[in-house]
Amino acid sequence: PSSNDDGPVMPKRADTDLPSVLNAAMTLVAANGLGGLSLRPLAEQLDTTVSALSHRFGLKDTLVASLIAAARAEDGAFLDRWLTRIRALDVRDGALLGDLVDAVVGDMVGVAALRTRFYCELIQGAPSHPEIAASLSAWQVQRLTFWRAVAAPLGRAELGDVLHAFSTDEIAHGLAIGELAAYRWLRRLNLQRLCGELVRRPDSPDLSQFAVFHAALGDALDETGRYRTPAMSDWQTKAARHISALIVEEGADAVTHRAVAARAGYANSTLAYHFPRQDDLLKAGINDIIVRVQGTVDAQRMSEPEHELNSIEIARATFAIALVAARIPSLKPFAADMRRRRGENYLVRLNRLVDGEAPFDLLSAQAIAMTGIGQLLLDGVIDPAADTSSFALLDPLQASARLG
């Protein structure tokens, strides 16, 4: 240590116990996405040095693996507490199980929101960060084991896997719009269907509830009932397509002036002129996704729809937007609209598969669509090139509904 007139200056000493480092890392990720997790800002957050962190944990990949393992351990304790409560209730009824699952998800996006945000950002980033896949897969297995244990008393072999997939898509929306009672009511209705009777009579009371809160979730939108994207010039609109492609492939935190300019073949200075801040880039890309997702949903009502986004692109794009909406309030109306419109296009497909009277309603279609999208996201951790075969998880749900 050096000295001056005020006495010796002590070198910075890292507060390197793993819980402190994990909390600092999750805080960075919540604010800036997975791209914000690097050694220098982490060291600054902990009031220490990069060399001290590296000495304690090794290179960045080793540190991240340690952080995921620590987060998984914390999550395991959280899940164990919930499993103990659920087992104490001796659950034999689908309606009760649906309410309990809703409570678990509520805690995931409430008291455990910081850890849930970390988990979601890892899922979003895994296809472009293969070094995290192994550690994240272990966390996913832990959650799958939990959901299977929760569902076991009902004796439905597929239900644990369904709840695992459904909750994966749902928690991102819970982070963004969990404070809205209308959203929470829709989530509960979805879970009641998954844990109970997926298809019900047309006069079922839950359908009138669904209609009321489905409409209420659109109250934040304008009088047209749709999210309105800001006006952009032709040049900005063309550039936004490159930005949205980057969001779909790598997640929102990958969007920088340098990355977009390299992808689109633009000069950095030109891009910065049209989009001065990184937030401007991000909003332009997200608005492009919004237009395309809404167009894809609307096109499903036409006789010969033209798809601009496939199922995997929609899953990744809308999941990314929900995560960004958790920190950019202006995007929350779209996150709400996107969540309430889940299943609108899938309903058409579902009822085309059935001979005779169409049994599926928008509520059952929404629950199934959330499950399928969640499974696509989970599949992407193991195989970023996974195709829509992951929707095979939905076959038992659809078959049981038809048989019923």
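Quantities reported herein were computed from a predicted structural model and do not represent experimental measurements. Numbers given for residues are sequential positions, taken from 1 along each chain in its written order. Thresholds applied to this predicted model are a pLDDT of at least 70 for local features of residues and 80 or more for the giving and counting of side-chain atom pairs; totals over whole chains, interfaces and linings are not thresholded and use all residues. Only hydrogens and water are set aside; all other atoms, that is, all heavy atoms of the structure, feed into the side-chain values.

Our focus in this paragraph is the overall build of the protein. Counting its regular elements, the protein contains 19 helices and two strands. Only protein chains enter the accessibility calculation, which uses a 1.4 Å probe; a residue whose area is less than 20% of its type maximum is buried, one above 50% is exposed, and one in between is partly exposed. Counting only residues that meet the buried cut, the protein has 52% of its 404 residues in that class. Excluding contacts between residues fewer than 6 apart, the proportion of contacts in the protein whose partners are at least 24 apart in sequence is 72%. Where accessible areas are quoted, they stem from the Shrake-Rupley method and a 1.4 Å probe; at the residue level, only the protein chains shown are allowed to cover. Accessible area for the protein stands at about 17,900 Å²; split by element, carbon and sulfur atoms hold 53% of it. Secondary structure counts use DSSP, requiring at least four H or I residues in a row for a helix and at least two E residues in a row for a strand, with both numbered from the N terminus. Here, residues are in contact when the closest pair of their heavy atoms is within 4.5 Å.

This part is about helix H1 (residues 18-32). Residues spaced three or four apart along an α-helix face the same direction, because each turn holds 3.6 residues. Between the first and last C-alpha of H1 there are 21 Å, a value that for 15 residues agrees with the 21 Å anticipated at 1.5 Å per step. Looking at the packing, one finds that the buried side of H1 touches helix H2 (39-45), helix H3 (50-57), helix H4 (60-88) and helix H6 (113-125). Where H1 terminates, the next one or two residues include Gly-33, which has phi positive at roughly 80°. Expected helix span is given by 1.5 Å per residue-to-residue step, counting one fewer step than there are residues.

Right, let's get into the environment of Leu-194. By the element assignment, Leu-194 lies in helix H9 (residues 181-195). For Leu-194 and Ser-364, which are 170 residues apart along the polypeptide, the C-alpha to C-alpha distance reads 8.0 Å. For Leu-194, the residues in contact, after removing those within four places along its chain, are Arg-156, Leu-159, Val-162, Phe-166, Ala-367, Thr-371 and Leu-397.

This next bit is on the packing of aromatic side chains. Note on ring pairs: Phe, Tyr and Trp rings are taken, using the six-membered ring of Trp, and paired if centres are within 6.5 Å. Classes follow the plane angle, with under 30 degrees stacked, over 60 edge-to-face and the rest tilted. Within this structure, the stated rule accounts for six aromatic pairs. Considering the side-chain rings of Trp-185 and Phe-213, the 5.0 Å spacing of their centres and the 25° angle between planes classify their relative orientation as stacked. Within this pair, whereas Trp-185 is found in helix H9, its partner Phe-213 is found in helix H10 (residues 205-216), the two being separated by 28 residues in sequence. Site record: aromatic cluster; members linked through ring pairs are Phe-118, Tyr-119 and Trp-139. For a lysine, the NZ atom is tested; for an arginine, the CZ atom; a charge sits over a ring if that atom is within 6 Å of the ring centre and within 35 degrees of the ring normal. The ring of Tyr-119 has Arg-143 sitting right over it, with the charged end atom 4.2 Å from the ring centre.

Moving on, we come to the pattern of salt bridges. Here a salt bridge means any side-chain nitrogen of Lys or Arg lying within 4 Å of a carboxyl oxygen belonging to Asp or Glu. Evaluation of the coordinates by the stated rule reveals 21 salt bridges. Residue Asp-75 is joined to Arg-143 by a salt bridge in which the shortest nitrogen-to-oxygen separation is 2.9 Å. With Asp-75 in helix H4 and Arg-143 in helix H7 (residues 133-151), the pair connects residues that are 68 residues apart, well separated along the chain. Accessibility expressed as a relative area gives 1% for Asp-75, which makes it buried. Note that Arg-156 and Glu-158 form a salt bridge whose closest N and O atoms lie 3.3 Å from each other. Arg-156 sits in the partly exposed class, given a relative accessible area of 25%. Assessed through its relative accessible area of 18%, Glu-158 is described here as buried. Salt bridges linked by common partners bring Glu-74, Asp-75, Arg-115 and Arg-143 together as one network.

The next point concerns the side chain of Arg-342. Note on placement: Arg-342 falls in the loop between helix H16 (332-340) and helix H17 (344-352). Whenever a nitrogen or oxygen atom comes within 3.5 Å of another N or O atom, the pair is scored as a polar contact, on the condition that within protein one atom can donate a hydrogen and the other can accept it, and that pairs from neighbouring residues in sequence are kept only if both atoms are in side chains. A polar contact of 3.1 Å, which involves the side chain of Arg-342, links it to the side chain of Thr-318. The contacts of Arg-342, once residues within four sequence positions are left out, are Asp-169, His-173, Thr-318, Leu-362, Gln-366, Met-370 and Ile-373.

Among buried residues, the Ala, Val, Leu, Ile, Met, Phe, Trp, Tyr and Cys ones that are joined through side-chain atoms within 4.5 Å form a nonpolar core. Counting residues in each nonpolar core, the largest one holds 125 residues, and the members touching the most others are Leu-42, Val-101, Phe-118 and Trp-147. With residues near it in sequence (within four places) discarded, Phe-118 still touches Leu-22, Met-26, Val-29, Leu-37, Leu-67, Ile-68, Ala-71 and Trp-139.

To get an axis, fit a line to the C-alpha atoms, keeping to the stretch in contact for a helix; angles then go from 0 to 180 degrees between the N-to-C directions. Direction vectors running N to C along helix H15 (residues 311-325) and H16 enclose 140°, while the axes themselves pass 9 Å from each other. If you check the angle between H15 and H16, you find them oblique. Between H15 and H16 lies a crossing of left-handed hand. Contacts between H15 and H16 involve Thr-318, Ile-321, Ala-322 and Ala-325 from the first element and Lys-332, Phe-334, Ala-335 and Met-338 from the second. Taken together, the residues of the contact of H15 with H16 sort by class into six nonpolar, one polar and one charged. Should an angle lie under 35 degrees it is considered roughly parallel, over 145 roughly antiparallel, and from 65 to 115 roughly perpendicular; all remaining angles are considered oblique. Each helix crossing is assigned a hand: it is left-handed if the near helix lies turned anticlockwise from the far helix by less than a right angle, otherwise right-handed if that turn is clockwise. Basically, the charged four are Asp, Glu, Lys and Arg, the nonpolar ten are Ala, Val, Leu, Ile, Met, Phe, Trp, Tyr, Cys and Pro, and anything else, Gly included, counts as polar.

We now examine the environment of Thr-62. Along the chain, Thr-62 turns up in helix H4. By relative accessible area, Thr-62 is classed as partly exposed at 42%.

Moving on to empty space enclosed by the protein. Of the two site types, the cavity is a set of points on a 1 Å grid over the protein atoms alone where a 1.4 Å probe fits but cannot get out, and the pocket is an open set with protein on both sides within 12 Å along at least five of seven lines, each lined by residues with an atom within 4 Å of a point. Grid points are joined across faces, edges and corners, and a volume is the space filled by probe spheres set on the points. Under the defined criterion, the tally for this structure stands at two cavities of 30 Å³ or more. Here the largest cavity defines a volume of roughly 50 Å³. Around the largest cavity, the lining residues are Gly-33, Arg-117, Glu-121, Gln-124, Ala-252, Asp-253, Ala-320, Leu-323, Val-324 and Arg-327. Mapped onto the lining of the largest cavity, the elements with two or more residues apiece are H6 and H15. Across the lining of the largest cavity, the residue classes break down as four nonpolar, two polar and four charged. In this model, the second largest cavity occupies a volume close to 30 Å³. Going through the elements one at a time, H2 and H4 are the ones with two or more residues in the lining of the second largest cavity.

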